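Structural features, examined
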Amino acid sequence: MEIKGLRQIRSSSPFELPPLPYAKAALEPYISEKTISFHYEKHHQKYVTTANELIKGTQFEKASLEQIIKATAGNAEFVKLFNNAAQIWNHWFYWNSLDPRGIKKPQGEFLDAINSTFGSFDQCVKTFSNEAIALFGSGYVWLVKDGAKLKITKSTNANTPLAQNQTPLLTIDVWEHAYYLDYQNRRPDYVAAFLDNLINWEFAEANFRGY
Ligand code: MN3
């Protein structure tokens, strides 16, 4: 499959807002055009603008986004740069974790890996759902490949498994800005809409195989 925005994500600064892989209204009725407009054009864009301001005159001016994320993770001197750089990446990854064409369940080797880690596909989805509902505050839940194993992990704020030497396969953004206009406080309904109607298993599989 073609993964949108890879060029923007892999190039060095100044960073560009990666393209949204579908129209802003494409995820309706599960996620509204209004939510996507704010989330993509305001929040995601702001992380890009801020990261570009923060790297000016630093040793990171010529670095790629992924290099910056890995180099600044856990470094108290560069907390703001890490947060903004990681949020550019996390949002690019989140947009690609959503598919307006509907669910295509995993198969083959990827399904085998899911079954051997979680017992079944349904159990994998259930665990992901439970973590996404339970995460306290702002953050993300991820399906990752950690060495040869699959895992479901969560990260708070801008933190990302990319900085932990894990391979992210899928994510859901559970910051309130991702769902509040559509679901208010009903995060479980947003999580269910994501898992039942929007989750992009083809993207997960492409990440699982490597591309
Ligand atoms: Mn967000």
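Above this text you will find the structure in question.
Below, the structure is looked at part by part. (Residues numbered from 1 in each chain as written. Predicted model: local features only at pLDDT ≥ 70, side-chain atom pairs only at ≥ 80, totals over all residues. Heavy atoms only, no water.)

1. Comments concerning the environment of Y47
Within the secondary structure layout, Y47 lies in helix α2 (residues 33–55). A C-alpha to C-alpha distance of 9.4 Å links Y47 and L81, two positions 34 residues apart in sequence. Apart from the residues within four sequence positions on either side, Y47 is in contact with N84, Q87, I88, H91, W175 and H177. A distance of 3.2 Å separates a polar atom in the side chain of Y47 from a polar atom in the side chain of Q87. (Helix = DSSP H or I, 4+ residues; strand = E, 2+ residues; numbered from the N terminus. Contact = heavy atoms within 4.5 Å. Polar contact = N/O pair within 3.5 Å; in protein donor to acceptor, adjacent residues only side chain to side chain.)

2. Quick word on unusual backbone geometry
With an omega of 0°, the peptide bond running from S13 to P14 counts as cis. With respect to the helices and strands, the residue P14 is situated in the loop between α1 (6–10) and α2. The backbone of N165 shows a phi angle near 60°, a positive value even though the residue is not glycine. Considering the arrangement of structural elements, one finds N165 in the loop between β2 (149–156) and β3 (167–173). According to the relative accessible area criterion, N165 is exposed, its value standing at 69%. (Buried < 20%, exposed > 50% of the residue type's maximum accessible area, 1.4 Å probe, protein only.)

3. Concerning α2
Taking 1.5 Å of rise per residue, 23 residues should cover 33 Å, and α2 covers 32 Å from first to last C-alpha, within 8% of that figure. Among the residues of α2, T35, I36, S37, H39, Y40, H44, Y47, V48, T50, A51, N52 and I55 are the ones counted as buried. Following α2 by one or two positions, G57 has its phi on the positive side, about 75°. (Expected span 1.5 Å × (residues − 1).)

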